[in-house]
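Each chain is listed here by its residues.
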Amino acid sequence: MRAVVLPMLLLGLAAAAPPPKVPLGKLPAGVAPTAYRLDLTVDPAQPRFTGHAEIDATVKAPTRTVFLHGLGLKVAKVSVFTGGKTVAARYAEVDDSGVARLDLAAPLPAGEVTFRFDYSAGFRTGAEGLFHAKVGDEWYAWTQMEPLDARRMFPGFDEPGFKTPYTVSLTVPASAKAFANTPEISAAPKGSMTTHRFATSKPLPTYLVAVGVGPFDVVSAVVPPNAVRKMPLDFRVIATKGQAPRMAFTAAEAPKILAILEDYFGIAYPFEKLDFLASPIQGGAMENAGLIIYQDTLILLDKDAPPGQLRAFGEVAAHEMAHQWFGDLVTPTWWTDIWLNESFAEWMGKKASDRWRPDLGIAATELDDAFEAMDTDSLGVGRPIRQAITRNDQVTSAFDSITYLKGAQVVSSFEAFVGAEKFRQGVQLHLRRHAYGNASAENFFAAVGEAAGEPRLVPALRSFTDQTGVPVVHVSDTPQGITLAQSRYLPIGVAADRMLRRWQIPMCLARGEGHACTLLTGAEARLPPLVGTEAALVPNAKGAGYYRFSPEGGWDALIAAAPTLPGRDAMAVADSLWADFAAGRTDFATVAKGAAALAKNNERLAVILLGYKLKDLGSTLIDADQRDAYRRMILGIYGPRLAPLGVDPRAGAYAAEPAEKVSLRLSLGALVALDGRDAALRARLTEAAARWLAGDSAALDASWRSIALAVAVQDKGEAFMTALAAKLIASDDPLFRGQASAALGYAEGDAAVAAAQKLALAPGMQSLETVRVVQSLGANPTARDSTVVFTDKNFTRLMESYPGFARTSIIHLFDGYCAAGDRARLDAIIRPKLKTIGGGDLELAQVGQGIARCAALKAAKGAEVRAVLATY
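Calculation rules
Residues numbered from 1 in each chain as written. Predicted model: local features only at pLDDT ≥ 70, side-chain atom pairs only at ≥ 80, totals over all residues. Heavy atoms only, no water. Helix = DSSP H or I, 4+ residues; strand = E, 2+ residues; numbered from the N terminus. Buried < 20%, exposed > 50% of the residue type's maximum accessible area, 1.4 Å probe, protein only. Pairing = 2+ DSSP bridges. Contact = heavy atoms within 4.5 Å. Axes fitted to C-alpha atoms, helices over the stretch in contact; angles between N-to-C directions. Phe/Tyr/Trp six-rings, centres within 6.5 Å; stacked < 30°, edge-to-face > 60°. pLDDT = per-residue confidence, 0-100. Core = buried A, V, L, I, M, F, W, Y, C linked by side-chain atoms within 4.5 Å. Disulfide = S-S within 2.5 Å. 1 Å grid on protein atoms, 1.4 Å probe; cavity = no way out; pocket = protein on both sides within 12 Å on 5 of 7 lines; lining within 4 Å. Points joined across faces, edges and corners; volume = space filled by probe spheres on them. Nonpolar A, V, L, I, M, F, W, Y, C, P; charged D, E, K, R; others polar. Salt bridge = Lys/Arg side-chain N within 4 Å of Asp/Glu carboxyl O. Parallel < 35°, antiparallel > 145°, perpendicular 65-115°, else oblique. Left-handed = near helix turned anticlockwise from the far one by under 90°. Expected span 1.5 Å × (residues − 1). Polar contact = N/O pair within 3.5 Å; in protein donor to acceptor, adjacent residues only side chain to side chain.

What follows concerns the environment of Ala 322. Structurally, the position occupied by Ala 322 is in helix α4 (residues 307–323). Classification of Ala 322 by relative accessible area gives buried; the value is 0%. Along the primary structure Ala 322 and Leu 605 are separated by 283 residues, whereas in three dimensions their C-alpha atoms are 25 Å apart.

This is the structure in structure tokens:
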């Protein structure tokens, strides 16, 4: 970056001493911001924007060098005002992670100072910093700052421990609307533009600053007062032009979830207003105080929204609104404790959204997510939930399944351990103590422990937050009693390390109506016999604990009970059964028997959990000559459960049915059509997809579009794909665009796969849709090899499409590989690109370990799997 200096600086800087070492983690202590004033000129139709930033700060000791953050900023002028004088400075970006340095013409004295910057920067195309996109005929801009991208929009001290007020103004085209964290207080013409000024914010970290600019549609609502909040709250849903009809659902339902959260926290919503802003570029959502930005499919819903979209709305809206307290009101002091932000919000999001719509089965998804985290946590390389972060390139790795999903399950298990009400009191105590400030995990532990009056809580929590791995409890159930023995769960292909792990595991066991709970603190424990109405002992009742279990007497009793077990119990059985197989403790025939029994359970996720494990097996470990037998196996297990439900893909065919039944049919339909390749069902879905694409809107319900479009892409090939992409690009329906871009990745055959890769980069395809096509192709066994080559060739362009916080997910294109040589290929392609990705060492090691684990499982169990498949 070219440094720009004031004329009077040149001689002074030439004689400066060599600069100090560049900090690649925390900035040096000594300079702390106290307030920001940001004046931005933003025309989303242009390639660049301009800004004037003023930062009030306190300097502890005289210095000629100040480190701060900035990335890709072209600084035209910078100075420091102190003691009634202006000191000129020179700005330079000194590390690719966005560390910048100010060199002062004269020593900066201790005391109060104001840094002033005039600069410009380019809009991003993916969701990082200030990004823009053309939607229809209009241009829009949004922000995504977490974790390290505020430095792309303004220079500053981009760390969560610095919470200050922000005063923002936006000068934008007269035809555009402008939004920020706080209410607008004035708007005045400025030539062909309009300057919008916003109220000064409560103290915020840089990563929660947000703006939105464009000709948006706005639907306004008012959240009525309640027992916690005595005044009404302004609420708006904001989206690109033409989306107002899809905003009505969110405008009506989000206030209900907000009220549930206020009731739980016992603290009124802590900011002046609440806006939901939709973006087709945003991946997931971001909890900016007062201006939450969502991927548009999450908050733009039609009247016939499928159950999966309703679940996603509820979970994510509750998650992001929970952050308004846990993360925004009280913020981590440093990235080491970001896990608590996300773990708590993930857990609270499930809890609140399930209370909002219990018919959607959201509570069970928490357990399903925990099993996903256990798979990652079982690898030989990993990180604990609470990991010391010392470098910028480690930060993005903290936003993973360990933080979100393992963390949420650990929070859930300890809520059960201390009791829901005592846990809630601890949460409220924590929030009140640290409101509008920063806090650490230690502060949270102390508050919950104090409220619970339970001295064992903190050491038990630490046994899960401070070490890697998943405990497995070996359970011996005899008439004389129950013996429990814990160890680290190790699947085939993962070697034990030298660390002796012991967990303090909150455990509950069930036998019918009989329950027993304990805290397993040692290597072994013995419980008295558990009397109940059923024969089978469930060693993880309700799946509430973060552990797997292995019954010493085998799986027969649990498999026999599987059809009638409570849903979460059945899910825990499914996960631990598969884990036992992957560890070499049981055989594949038992897995197949268990899958067939679980397919009769009433809980949707219990029915399909082993089905998706088998699906993974089918895309990795199974050879081409076993493909037909694998498909017969899927049909044999799941076809009989789908048959009585029937499949009618027409619009509204099941509108009157309960959401649970609709969801079960869809989950089974995906397995039977896409993995079992049921010819009759595929023909019906392909016909419906073709008719719908030709304009018959009644032919295909929105809930069946994902499956039907994927089947039609496979069966009808390039001509259908071309027509589908054309309709996608012309459509303003966010849900369809997401479904269609994912469906393109199901292409089969060299020509069709090449066509899908070309369409991923087609004009009119939004950046997130490009990512979706490529990720879908990477998960497709027939497209995986050529997609890796395609990605390598187009790496820079594809990388720009990924949201900044999700760039490391490109490494997971290699997840489906299962041969030892694939690991070396992964390393050769990805390692040279880690600097461009901005991190990813951990993800690279984990994907490599996953490949090795798959190869080892195939070597150990391949013949066994082949023998079972031969019986179908």
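As a further point, take the sheet that holds strand β15 (residues 217–223). An order of β15-β16-β17-β19-β18 is seen for the 5 strands of this open sheet, with the pairing classed as mixed. Edge strands, defined here as strands with exactly one partner in the open sheet, are β15 and β18 (285–286). As paired elements, β15 and strand β16 (residues 233–239) share 7 bridges and run antiparallel to each other. Following the sheet pairing, Val 223 is matched in β16 by Leu 233. Relative to β16, helix α2 (residues 244–265) is tilted by about 145°, and along the sheet it contacts β15, β16 and β17 (274–279). Contacts from α4 reach β17, β18 and β19 (291–295), with the element oriented near 150° to β19.

This part covers the packing of aromatic side chains. Tallying each qualifying case throughout the model produces 41 aromatic pairs. Where Tyr 264 meets Trp 347, the ring centres are 6.1 Å apart and the plane angle is 75°; that geometry is what we call edge-to-face. Separated by 83 residues along the polypeptide, Tyr 264 in helix α2 and Trp 347 in helix α5 (residues 338–356) bring together distant segments of the chain. Both rings, one in Phe 326 and one in Phe 444, keep their centres 5.5 Å apart while their planes meet at 85°; by these two values the pair is edge-to-face.

Let's shift gears to the confidence of the model for the chain. On average, residues of the chain score 95 in pLDDT, and 98% of them reach the 70 mark or higher. In the model, residues 1–16 has pLDDT below 50 throughout and makes 31 contacts with residues more than four positions away in sequence or in other chains.

Moving on to the sheet that holds strand β23 (residues 481–488). Two modes of strand pairing occur in sheets, parallel and antiparallel, and in both the strands are linked by backbone hydrogen bonds. Read from one edge of the open sheet, 4 strands run β26-β23-β22-β27, paired in mixed fashion. Strand pairing shows two members of the sheet lacking a second neighbour, β26 (524–527) and β27 (548–551), which therefore form its edges. Going across the sheet, the axis of each strand differs from the next one's by a mean of 25°, ignoring polarity. Of the pairings in the sheet, the one linking β23 to β26 comprises 4 bridges and is antiparallel in character. Each bridged residue has a counterpart across the sheet, and for Ala 485 the counterpart in β26 is Glu 524.

To continue, consider the nonpolar core. Grouped burial of nonpolar side chains is what soluble globular proteins tend to show. One finds Phe 115 and Phe 117 to be the most contacted residues of the largest nonpolar core, which totals 273 residues. With 13 residues, the single largest contributor to this core is helix α18 (residues 702–730). Not counting residues up to four positions away in its chain, the partners in contact with Phe 115 are Val 31, Ala 53, Glu 54, Ile 55, Ala 57, Val 66, Ser 79, Val 80, Leu 102, Leu 108 and Phe 157. Within the second largest apolar cluster, 13 residues are counted, among which are Ala 127, Trp 142, Leu 291 and Ile 293.

Looking now at the state of the cysteines. This model, assessed by the stated rule, comprises 2 disulfides. What pairs with Cys 508 in a disulfide is Cys 517, and their sulfur atoms sit 2.0 Å apart. Here Cys 508 and Cys 517 share a disulfide; its torsion about the S-S bond, 105°, makes the bridge right-handed. For Cys 508, a relative accessible area of 27% puts it in the partly exposed group. With a sulfur-sulfur separation of 2.0 Å, Cys 818 is cross-linked through a disulfide to Cys 854. The sign of the -95° torsion about the S-S bond sets the Cys 818-Cys 854 disulfide as left-handed. Of this pair, Cys 818 sits in the loop between α23 (795–799) and α24 (820–830) while Cys 854 sits in helix α26 (residues 841–869), placing them 36 residues apart in sequence. If one numbers only the bonded cysteines of the chain, in the order they occur, the disulfide pattern is 1-2, 3-4.

What follows concerns empty space enclosed by the protein. Summed over all chains, the structure comprises 6 cavities of 30 Å³ or more. By volume, the largest cavity amounts to about 80 Å³. In terms of lining residues, the largest cavity is bounded by Phe 326, Val 330, Thr 331, Pro 332, Asp 337, Leu 340, Asn 341, His 430, Ala 439, Ser 440 and Ala 441. Elements with a minimum of two residues in the lining of the largest cavity: β20 (330–332) and α5. No other element matches the 3 residues that β20 contributes to the lining of the largest cavity. Class assignment for the residues of the lining of the largest cavity results in 6 nonpolar, 4 polar and 1 charged. If you add up the space inside the second largest cavity, you get close to 60 Å³. Forming the walls of the second largest cavity are Val 788, Thr 791, Asp 792, Phe 795, Ile 810, Leu 813, Phe 814, Ile 829, Ile 830 and Lys 833.

Attention now moves to the layout of surface pockets. Of the pockets and cavities examined, the second largest pocket occupies roughly 790 Å³. Around the second largest pocket, the lining is made up of 41 residues, and of these Lys 134, Gly 764, Met 765, Gln 766 and Ser 767 lie nearest the centre. Going through the elements one at a time, β8 (129–135), β9 (138–144), α3 (296–299), α18, α19 (734–744) and α21 (767–778) are the ones with two or more residues in the lining of the second largest pocket. If you tally residues by element for the lining of the second largest pocket, the top one is α21, at 5 residues.

Turning to the pattern of salt bridges, a few remarks are in order. As enumerated under the stated definition, the model contains 63 salt bridges in all. For Asp 580, the salt bridge goes to Arg 585, with nearest N and O atoms at 3.4 Å. By relative accessible area, Asp 580 is classed as buried at 6%. For Arg 691, the salt bridge goes to Asp 696, with nearest N and O atoms at 2.8 Å. Look at Asp 696 and you get partly exposed, because its relative accessible area is 27%.

All right, on to the side chain of Arg 807 then. With respect to the secondary-structure elements, Arg 807 resides in the loop between α23 and α24. The class of Arg 807 is buried, set by a relative accessible area of 10%. Filtering out sequence-adjacent residues up to four positions away, Arg 807 remains in contact with Arg 124, Glu 128, Met 799, Glu 800, Tyr 802, Thr 836 and Ile 837.

With that out of the way, let us pick up the packing of α2 against α4. Contact geometry of α2 with α4 gives a least axis separation of 10 Å together with a crossing angle of 45°. Here α2 is positioned oblique relative to α4, judged by the angle of their axes. Seen from above, α2 lies across α4 with right-handed handedness. Contact residues: α2 offers Phe 249, Thr 250, Glu 253, Ala 254, Ile 257, Leu 258, Leu 261 and Phe 265, while α4 offers Leu 310, Phe 313, Gly 314, Ala 317, Ala 318, Met 321 and Ala 322. When its residues are assigned to classes, the contact of α2 with α4 shows 12 nonpolar, 2 polar and 1 charged.

The next thing to look at is helix α9 (residues 441–452). Over its 12 residues, α9 runs 16 Å from end to end, which matches the ideal 16 Å to within 8%, given 1.5 Å per residue. For α9, every residue scored as buried is listed here: Ala 441, Phe 444, Phe 445, Ala 447, Val 448, Gly 449 and Ala 452. Those residues of α9 that are buried lie in contact with α5, α7 (401–418), α8 (420–433) and α10 (457–465). The N-cap residue of α9 is Ser 440: its side-chain oxygen and the backbone nitrogen of Glu 442 are 3.3 Å apart. The positive-phi residue at the C-terminal boundary of α9 is Gly 453, with phi of around 60°.

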